[in-house]
Amino acid sequence: QQQQQHQHQHQQQQQQAIEDKTPNIPHPSNQGRKLKVVGFDLPARKRQKHNVDVAAQNVTAAIQSCVSNKDRLDAIYDACSKFDHGIESAHDIEVAMGADIALFKHLPFLLLKRQRISKENQQDKTNSVDVTSTSAGDDASRTSVDDNSNATPTATPTSPGYEYVSIMEEISNTFTALEMVLRCSADSVSTCFARIGPELLPLMFDFIEELSKTFTHSTTNNHTKNKPQKDMTPKEQDDNESHSDTSTITVDRVVALKQEPNDQNDSNTSSMQFVSNVILKTCTKIMGHFARAGALTETLAKTKGLLTTLHNVISIPEESEFPIEAKLNCLWIIANLACSVDNMTFISRNTKLMKTLFEIIKHPSGYEENHCEDIERYIRLLRTQSVALRAFLNLSWAQENKIPFSQDVELVATLLRVASHRKSSWCGSGRGVSGILLQCRRHAAGTLRNIAAAPRKYKRRLCRLESCDFLETLADIAKNDHDSIVRGKVHATLFNLVSADTAKLFTEKRNVLDVITTAATSANAINNSNEDVRDGNKVDSQAMAVRTLRSLEKALPEDDEGYDVLRPTLSRFDSQITMNRS
């Protein structure tokens, strides 16, 4: 056996030596051909599908068990990374695992720690004032203190400002993770609200109120700075300079000095502003998640402090740097709450809120259209106007609101102006101005349609508005607007306005009849005028025009002079319908 093994190894060595000495001669069939190297891109390695149950359970357990600063930050960052997805079923599992409860229980600890840090910072400021006041008699010492009073602590890990911003960032991340969990289904949202809603909402109301005040105060200060000052006499100037001397520094003065921006605390201030914006956006978005659950709309509307908080946010002036996303979220919440029949009358009785909503839909005005500083401000005005109009559209559906809305002459005039706003100098900029204008026109036309369904005596008042040009303005929109939905809603408005008291007013406006007849006698007119032509948000303008003509025919007696005016129109309409059928 050993000899056989040696012979086998010897034969392998000889074969290998022969192969090494043999030259690499190409095959005759491959001579003259270009060799190609084909590379194959292997597919990317499939992402391992993680177990949602285990991931949610691990994150929830980490949040519940963390206490130290490092453990808390790691747990919250892990929660934000794991919960940031758009899979509704996965968010439902996270809710089932109690992620919402764990995040909410984490908040009180952070709020208590924030309160302690804020109290320590206030004590430090008070102590610095005491030191400054005791040294006010010594000129040299006073100068030294004055120089140091203007120096604010930098954003270093040992400064109180850094500690306060850090805890605010942790609170912001906790709210963000909770908002991610609430991207679940409506049923899971209702479950979350039953668990934490009554306790969570007051915390968010307080946060929104506290952070909103900073924006309103900054707006007031900007107006004060920009306010022109009258000329002062030399004595008044001396008095003013003596009062502005920093030799006597109060607590308010030290706080103001510490809040003045400079090169040292710009990073701290900008970080705090960023965190405040994130908290405002996230808290309003959490309330928006609660508002999208149909079972919660009535409960939310009657929650103490909700409408007040929403009103305070949407009433913040446009000149402030308040995040527009938070304001849009609050307007959307109001519009969504107004989808409930019970909430329609409840919200409309809140006079402050209704007045603020009306002020929002008045902008952009004609002056702002021509003198707006930049397109960003113009788009902000348009977006808030669009969502506020949606709220009015939902509120106008209730029969109890049709009468007060129809009696508000300024509201009807504003809705007419918005429905007629088809062109803008800012269109064509690629920022979606035309699309937002279209939404505004649709909401305004829909609101007019609902208001026109008011009782009989209010229809006549509406027709006589705008110096009796109300019907002509509607006819102009129905004729010239390029959107079929807007035209359909305006024709529905004309149909709702028809009654025995207003039929003659239609015959007195020849151009109004021409617009209705033209729409009714088109080649695609619907022959069956008695069928329901509403299809969701879409209304057929031709079918509504047919129904309007038939209603006018029934409302006018045949011996009335108005019927004599209408008869040629009806004859032309009947002949056209016969031709279309043939």
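Residues numbered from 1 in each chain as written. Predicted model: local features only at pLDDT ≥ 70, side-chain atom pairs only at ≥ 80, totals over all residues. Heavy atoms only, no water.

Novice: Tell me about the pattern of salt bridges, and please be specific about residues and values.
Specialist: Across all of its chains, the model carries 25 salt bridges by this definition. The closest approach of N and O atoms between D74 and K70, which form a salt bridge, is 3.0 Å. A residue pair is termed a helical-turn pair when its members lie 3 or 4 positions apart in one helix, as D74 and K70 do in helix α3 (residues 69–83) at four residues. D74 sits in the partly exposed class, given a relative accessible area of 40%. According to the relative accessible area criterion, K70 is exposed, its value standing at 57%. E472 is the partner of K509 in a salt bridge, and the nearest nitrogen-oxygen pair spans 3.8 Å. Highlighted residues: K509 in the loop between α26 (503–508) and α27 (510–520) and E472 in helix α24 (residues 470–480), separated in sequence by 37 residues. (Salt bridge = Lys/Arg side-chain N within 4 Å of Asp/Glu carboxyl O. Helix = DSSP H or I, 4+ residues; strand = E, 2+ residues; numbered from the N terminus. Buried < 20%, exposed > 50% of the residue type's maximum accessible area, 1.4 Å probe, protein only.)

Novice: Residue-level account of the packing of aromatic side chains, with values.
Specialist: For the coordinates displayed, the defined rule picks out four aromatic pairs. Measuring from ring centre to ring centre gives 5.8 Å for F175 and F207, while their planes differ by 85°; the resulting arrangement is edge-to-face. On the criterion of sequence distance, the pair formed by F175 in helix α7 (residues 160–181) and F207 in helix α8 (residues 186–226) is long-range, its members being 32 residues apart. For the pair shown, F175 and F207 are each scored as buried. Here F193 and F290 contribute two aromatic rings whose centre-to-centre distance is 5.2 Å and whose plane-to-plane angle is 75°, an arrangement assigned as edge-to-face. Of the two residues, F193 is situated in helix α8 and F290 in helix α11 (residues 266–291); the sequence distance between them amounts to 97 residues. F290 shares its class with F193; the two are buried. For K302, the ring lying beneath its charged end belongs to F346, and the centroid distance is 4.8 Å. (Phe/Tyr/Trp six-rings, centres within 6.5 Å; stacked < 30°, edge-to-face > 60°. Lys NZ or Arg CZ within 6 Å of the ring centre and 35° of its normal.)

Novice: For the confidence of the model for the protein chain, give the residues involved together with the corresponding values.
Specialist: Taken over all residues, the pLDDT of the protein chain has a mean of 81, while the share at 70 or more is 76%. The secondary structure element of the protein chain with the lowest average pLDDT is helix α10 (residues 251–259), at 35, and the one with the highest is helix α14 (residues 324–337), at 97. Considering only residues more than four positions removed or in separate chains, one finds that residues 223–261, a stretch of pLDDT under 50, has 31 contacts. Here residues 525–538 is modelled with pLDDT under 50, and outside its nearest four sequence neighbours on either side it reaches 22 contacts, counting other chains as well. (pLDDT = per-residue confidence, 0-100. Contact = heavy atoms within 4.5 Å.)

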